[in-house]
Amino acid sequence: SPKKPFSIYKNKIFTEVNNICKEKKILFNWLRLFYVYGPEQEKRSIIPMLIDVFKNNKKININFPSNKNDFIFIADVVNIINNFIINNYSSGIYNVGTGKGTSIISLIKIIDNEINSNDLISKKYLSELHLKKSKQNFYASTKKLKKYINNINFTDIHTGIKKVIKYI
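Residues numbered from 1 in each chain as written. Predicted model: local features only at pLDDT ≥ 70, side-chain atom pairs only at ≥ 80, totals over all residues. Heavy atoms only, no water.

When you look at the overall build of the protein chain in this model, what are you seeing that I'm missing?
In terms of regular secondary structure, the protein chain is built from seven helices and seven strands. Ordered by position from N to C terminus, the α and β elements of the protein chain give α-β-β-α-β-β-α-β-β-α-α-β-α-α. Taking all 168 residues of the protein chain together, the buried fraction comes to 36%. Within the protein chain, contacts between residues at least 6 apart in sequence are counted, and of these 82% link residues at least 24 apart. By element, 52% of the accessible surface of the protein chain is carried by carbon and sulfur atoms, the whole surface being about 11100 Å². (Helix = DSSP H or I, 4+ residues; strand = E, 2+ residues; numbered from the N terminus. Buried < 20%, exposed > 50% of the residue type's maximum accessible area, 1.4 Å probe, protein only. Contact = heavy atoms within 4.5 Å. Areas by Shrake-Rupley, 256 points an atom, 1.4 Å probe, with all protein chains shown as cover.)

Quick look at the structure:
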């Protein structure tokens, strides 16, 4: 039961479109994209923000660095969407993610290591930080997606971040 306006209206849109498609016998797939990252991403998103922090030696301010999210590289998302366009997969809701959670702590270490060739800044930051534990771990259940696209080779988070840093 969604409680926030964004979720309420997203649910209403899904319900309305789904009903119309059922009535008219139209194939309808609702792709739920998880944490998509890559070149041209909004600068305030976590990965570009952390890249900026380490490139410009800024202070890190993150409330819940233990949170885990399912980060999926944009090229992988495009590949999956392309598969849905080309093939007639059964109508339904599909989670588009890697199925793996990556903690913000891990992102901090990966980005620091890529930019500074070590993770000394992140070690200093993480040692000074009182790590607040969080129960917010968001990652996709990809069982249904893999039923149709079983040969997905997701871009590893290290490789994806290298590509984003190189682009920036």
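From this point, things continue past the structure.
Whenever I open this one, unusual backbone geometry confuses me. Can you help?
Only a minority of non-glycine residues have a phi that is not negative, and only a minority of peptide bonds are not trans. We note that E40 has phi near 70°; this positive angle belongs to a residue other than glycine. The residue E40 is located in the loop between β2 (35–37) and α2 (46–55) in this model. Here the phi dihedral of N57 falls at roughly 50°; this positive angle occurs in a residue that is not glycine. Structurally, the position occupied by N57 is in the loop between α2 and β3 (68–69). The exposure class of N57 is exposed, given its relative accessible area of 63%.

Quick question: what am I supposed to make of the packing of helix α4 (residues 104–116) against helix α7 (residues 157–167) here?
A packed helix pair is summarised by two numbers, namely the angle formed by the two axes and the spacing between the axes. One way to put it is that α4 packs onto α7 with a least axis distance of 10 Å and a crossing angle of 50°. Here α4 lies oblique to α7, going by the angle between them. Seen from above, α4 lies across α7 with right-handed handedness. Facing L107, I110, I111, E114 and I115 of α4, the residues of α7 in contact are I157, H158, I161, K162 and I165. (Axes fitted to C-alpha atoms, helices over the stretch in contact; angles between N-to-C directions. Parallel < 35°, antiparallel > 145°, perpendicular 65-115°, else oblique. Left-handed = near helix turned anticlockwise from the far one by under 90°.)

What is the right way to look at α7 in this model?
Working note: α-helix, 3.6 residues per turn, so residues spaced by three or four point in the same direction. Inspection of α7 places I157, G160, I161, V164 and I165 among the buried residues, and these make up the whole buried set. The arc that holds the buried residues of α7, viewed along the axis, is 135°, so those residues lie on one side. Taken together, the buried residues of α7 touch β2, α2, β4 (71–73), β6 (102–103) and α4. Capping of α7 at its N-terminal end is provided by D156; its side-chain oxygen lies 2.9 Å from the backbone amide nitrogen of H158. (Arc of directions from axis to C-beta. Polar contact = N/O pair within 3.5 Å; in protein donor to acceptor, adjacent residues only side chain to side chain.)

What is the right way to look at helix α3 (residues 74–86) in this model?
Given a rise of 1.5 Å per residue, 13 residues ought to cover 18 Å, and the 18 Å separating the end C-alpha atoms of α3 matches this to within 8%. Residues of α3 that are buried include every one of D76, V77, I80, N83 and F84, and no others. For α3, the arc enclosing every buried residue in end-on projection is 120°, short of the 170-degree limit, so these residues lie on one face. Set apart from the buried face of α3 by more than 90 degrees, the exposed residues are I85 and I86. In this fold, the buried residues of α3 make contact with β1 (29–33), β2, β4, β5 (92–96) and α6 (143–148). (Expected span 1.5 Å × (residues − 1).)

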